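# A closer look at the structure
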Amino acid sequence: MKILVCLGNVPDTTTKIKFSGEGTKLDKTGVQWIINPWDELALTRAIELKESGQVPVEVISVLTVGGTDAEPTIRKALAIGADSGYRVDADPADSYQVAFQISEIARQEQFDLILCGIESSDYNGAATGSMLAEILDYPSLSAVSGIHPVNGHLEYTRDIDGGRETVTLDLPAVLIVQKGIAKEPRIPAMRGIMMARQKPLTVKEPGPSAGYTEMISFELPAPKPSCRKIDPDNVRELVNLLQNEAKVL
Amino acid sequence: MAVLVYTENWDGKFKKSTFELASYATRLAEKIPDQVVALSIGHVEEEELKKLGRYGIGKVISVEDDRFKTLDNQVYTRIIAEVAENLTASVVVLAHNNSGKALAPRLSVRMKAGLVSGTTGLPESFEPFIVIKKTFTGKALAKVVIHTAKKILTLAQNSYQVVEQVVPVEIRKFVPVSAGDVKTVVKEVFKQTGKVILTDADIVVSGGRGMKSPENWGPIEELAKILGAATACSRPVSDEGWRPHEEHTGQTGKVIAPVLYFAFGISGAIQHVAGISSSKFIVAVNTDKDAPIFEVADYGIVGDAQKVLPALIEAIKEAKSI
């Protein structure tokens, strides 16, 4: 089985977001870049599957769409345990353009299982994985919180509103994964970091694609009025405020 | 031309969020102006379908075939696209929930229609077509222009109020020709019973590490019960296994927008706040007066959550005469 894990390169989740160019683009000054959290969990699960030997995994590849500044993200993934990396040399424009670029490589390489995080923590499009599946005409499962080897094949846990399902699906397929897929992301070990330098990282020229959408401006939400403090010995006052001021009880 | 709204059902029933989405689609169609049509997939009784007429939906297309009981993303996408094409729909709207997130992007590719997911309101303009959505998990808002002629939108949960506008409903049964085979096989289903679903809840009662241990969750559950609320937790709590991961609320867990959110013993790390900042009112109880949760809270108590909770439960019972 050949597995592809798609990686987004996103600002660290603790980043205080600022914009430049009169609110038209993210101010990247001082931003630490990380692997999109759900993509990192997807990679972790892929590595666990390979190590478990319960299903035959020949290769785990990772891919990101971005400039040279996205390469540390791929190197980190290789250090964690991916076998090979791809970078499509294009600035991500929107989910469609990114999905299109991934689809070109996915077609060439014929992956059996493609894993994408449920959304990216920057633009929250929640779209790339499912778009990729449609471009490739592959089946997809979304909100996947578990991948389980059972007698040499795979079963999946799909979260539904207020519950979950155990599902099977023919490969090749795209799985859009979320929290629960792996317990904790792996941290690269020194040996992994050394080995990552020897692993192949292929840079591909982008295929012809423009986005369907464009983010034209950003703003920060209006600050909240200050918090009204209530004496811990007077919770009745809180109930009163919730009932008569906020009118929510 | 039409605005097509996909109205999902849960065991044959709609939810409040369906009617919010219907209200949104109705208003969107009025503004364009265009007719609004709802599409229902799976078996839903006529009486239930007719409820959509209370929110301005005059025409409902119902695809009832038993083959479509299971959500198969490819098959559902083909059905929605076929109906959209028959109607020459200019905009398709879906809920920004599990199934909406699974279908809208596929639909976007199939229809060559630009997608904006998780929009929080009606478009700001139609020429060009500009909508607003949250980015950086609520830390910022973005204006997004859709360049394609056809558009797909998913509406963020709890971002549009139900608007009653009664119209007569025409229901039309429809048999799609392009659906293809269902390949998703569901072997087992587990459904939470007797609990309010976190992403649907108007009130959410949440606990953090300040609750000290999983044995201390009794009062949180009791408070949730008397308020008809859902329970939630912060990331460290789910990581420790004190609570199931489904309850983890925050940037990498569930992003929610209830009317009222209670945070007990939650310090308010930036990632947690990102998942709850769309709540209409936030109540925080924490021993640390400088905890960042108080920066986003509307009401705050500096005190021990374990002491405040029993008193609060009593006070609410008294006020509601339970």
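Residues numbered from 1 in each chain as written. Chains lettered and ligands numbered in written order. Predicted model: local features only at pLDDT ≥ 70, side-chain atom pairs only at ≥ 80, totals over all residues. Heavy atoms only, no water.

## Some remarks on the overall build of chain A
Scanning chain A for helices and strands turns up 6 helices and 15 strands. Reported as C-alpha extents along the three principal axes, the dimensions of chain A are approximately 65 × 50 × 40 Å. Taken over 249 residues, chain A has a buried fraction of 57%. Long-range pairs, those at least 24 residues apart, make up 71% of the contacts in chain A with a sequence separation of at least 6. For chain A, the computed accessible surface area is about 10800 Å², with 49% contributed by carbon and sulfur atoms. With 25 positive and 34 negative side-chain charges, chain A shows a separation of 6 Å between the mean positions of the two kinds. (Helix = DSSP H or I, 4+ residues; strand = E, 2+ residues; numbered from the N terminus. Buried < 20%, exposed > 50% of the residue type's maximum accessible area, 1.4 Å probe, protein only. Contact = heavy atoms within 4.5 Å. Areas by Shrake-Rupley, 256 points an atom, 1.4 Å probe, with all protein chains shown as cover. Lys, Arg positive; Asp, Glu negative; His and termini not counted. Charge placed at Lys NZ, Arg CZ, Asp CG, Glu CD.)

## Concerning the overall build of chain B
For chain B, the count of helices and strands is 9 helices and 16 strands. For chain B, whose C-alpha radius of gyration is 21 Å, the value lies close to the compact-globule estimate of 20 Å for 322 residues. Its C-alpha atoms give chain B principal-axis dimensions of roughly 60 × 40 × 40 Å. Evaluated residue by residue, chain B yields a buried proportion of 59% over its 322 residues. Here the contacts in chain B between residues at least 6 apart in sequence split such that 66% fall between residues at least 24 apart. Entry remark: accessible area of chain B is about 12600 Å², with carbon and sulfur atoms responsible for 51%. (Rg over C-alpha atoms; globule rule 2.2 N^0.38 Å.)

## Quick notes on the side chain of Lys-199 of chain A
All names here are of chain A. With respect to the helices and strands, Lys-199 occurs in the loop between helix H5 (190–196) and strand S13 (201–204). The side chain of Lys-199 sits in the buried core without any salt bridge; Asp-83 is the nearest counter-charge, 5.0 Å away. Among the polar contacts listed, one links the side chain of Lys-199 to the backbone oxygen of Leu-78, at a separation of 2.9 Å. When neighbours within four sequence positions are excluded, Lys-199 is seen to be in contact with Arg-75, Leu-78, Gly-81, Ala-82 and Asp-83. (Salt bridge = Lys/Arg side-chain N within 4 Å of Asp/Glu carboxyl O. Polar contact = N/O pair within 3.5 Å; in protein donor to acceptor, adjacent residues only side chain to side chain.)

## Examining helix H1 (residues 16–31) of chain B
Residues and elements named next belong to chain B. Between the first and last C-alpha of H1 there are 23 Å, a value that for 16 residues agrees with the 22 Å anticipated at 1.5 Å per step. Along H1, 12 of the 16 residues are buried, which leaves the element largely enclosed by surrounding structure. Among all positions in H1, only Ser-17, Thr-18, Phe-19, Glu-20, Leu-21, Ala-22, Ser-23, Tyr-24, Ala-25, Thr-26, Leu-28 and Ala-29 are buried. Buried positions along H1 lie against strand S1 (2–6), strand S2 (35–41), strand S4 (89–95), strand S5 (114–119), strand S6 (125–126) and strand S9 (151–155). (Expected span 1.5 Å × (residues − 1).)

## Describing the sheet that holds strand S12 (residues 203–207) of chain B
Pairing is parallel in the open sheet, where 6 strands are placed in the order S15(A)-S16(B)-S15(B)-S14(B)-S12(B)-S13(B). Two strands in the sheet have a free side with no partner beyond their single neighbour: strand S15 (228–230) of chain A together with strand S13 (230–233) of chain B. Across the sheet, the mean angle from the axis of one strand to that of its neighbour is 20°, orientation sign disregarded. Note: S12 of chain B against S13 of chain B, 4 bridges, orientation parallel. (Pairing = 2+ DSSP bridges. Axes fitted to C-alpha atoms, helices over the stretch in contact; angles between N-to-C directions.)

## Looking at the packing of aromatic side chains
One pass over the full model with this rule turns up 14 aromatic pairs over all chains. Geometrically, the ring pair formed by Tyr-123 of chain A and Phe-136 of chain B is edge-to-face, given 5.3 Å between the ring centres and 65° between the ring planes. Of the two residues, Tyr-123 of chain A is situated in the loop between strand S8 (113–117) and helix H4 (128–136) and Phe-136 of chain B in the loop between strand S7 (129–135) and strand S8 (140–146); the pairing between them involves two chains. Assessed through its relative accessible area of 29%, Tyr-123 of chain A is described here as partly exposed. Under the relative-accessibility criterion, Phe-136 of chain B is labelled buried at 2%. The lysine or arginine in question, Lys-2 of chain A, covers the ring of Phe-111 of chain A, its NZ or CZ lying 5.4 Å from the ring centre. The aromatic ring of Trp-10 of chain B is capped on one face by Lys-15 of chain B, whose charged end is 4.2 Å from the ring centroid. (Phe/Tyr/Trp six-rings, centres within 6.5 Å; stacked < 30°, edge-to-face > 60°. Lys NZ or Arg CZ within 6 Å of the ring centre and 35° of its normal.)

## A look at the nonpolar core
Ile-114 of chain A together with Leu-4, Ile-41, Ile-80, Val-92, Leu-94 and Ile-152 of chain B are the most contacted members of the largest nonpolar core, which has 61 residues in total. Filtering out sequence-adjacent residues up to four positions away, Ile-152 of chain B remains in contact with Val-92, Leu-94, Ala-104, Leu-107, Ser-108, Met-111, Ala-113, Gly-114, Leu-115, Val-116 and Ile-146 of chain B. By size, the runner-up hydrophobic cluster in this structure holds 37 residues, among which are Val-5, Leu-41, Val-144 and Val-177 of chain A. (Core = buried A, V, L, I, M, F, W, Y, C linked by side-chain atoms within 4.5 Å.)

## As for the domain arrangement of chain B
Residues and elements named next belong to chain B. Taken as a whole, chain B is organised into domain 1 (2–173) and domain 2 (198–319). One C-alpha centre belongs to domain 1, the other to domain 2, and the line joining them spans 32 Å. Counting residues at the interface gives 8 residues for domain 1 and 12 residues for domain 2. Both faces considered, domain 1 and domain 2 share a buried interface measuring about 810 Å² in area, 34% of it formed by carbon and sulfur atoms. In terms of surface lost to domain 2, no three residues of domain 1 exceed Thr-137, Lys-139 and Asn-158, which account for 56% of the buried area on that side. (Domains from an automatic or database assignment. Buried area = accessible area lost by both parts, 1.4 Å probe.)

## Observations concerning the interface of chain A and chain B
Listed by partner, the interface residues are 75 residues for chain A and 91 residues for chain B. Here chain A and chain B share an interface that buries about 7100 Å² over both sides, 57% of which is from carbon and sulfur atoms. Linking chain A with chain B are 7 salt bridges, by the criterion used here. Between Glu-318 of chain B and Arg-236 of chain A there is a salt bridge, with its nearest N and O atoms 2.9 Å apart. Contributions of two or more residues to the side of chain A that touches chain B are made by helix H1 (37–52), H4, strand S9 (140–150), strand S10 (153–160), strand S11 (163–168), strand S14 (213–219), S15 and helix H6 (235–244) of chain A. Considered class by class, the residues forming the side of chain A that touches chain B number 38 nonpolar, 19 polar and 18 charged. As paired elements, S11 of chain A and strand S11 (residues 185–191) of chain B share 6 bridges and run antiparallel to each other. Pairing of Thr-168 of chain A across the sheet is with Val-185 of chain B, part of S11 of chain B. (Nonpolar A, V, L, I, M, F, W, Y, C, P; charged D, E, K, R; others polar.)

## Points about the environment of Asp-290 of chain B
Residues and elements named next belong to chain B. Considering the arrangement of structural elements, one finds Asp-290 in the loop between strand S15 (281–286) and helix H8 (293–296). For Asp-290, a relative accessible area of 56% gives the class exposed. A polar contact of 3.5 Å, which involves the side chain of Asp-290, links it to the side chain of Lys-289.

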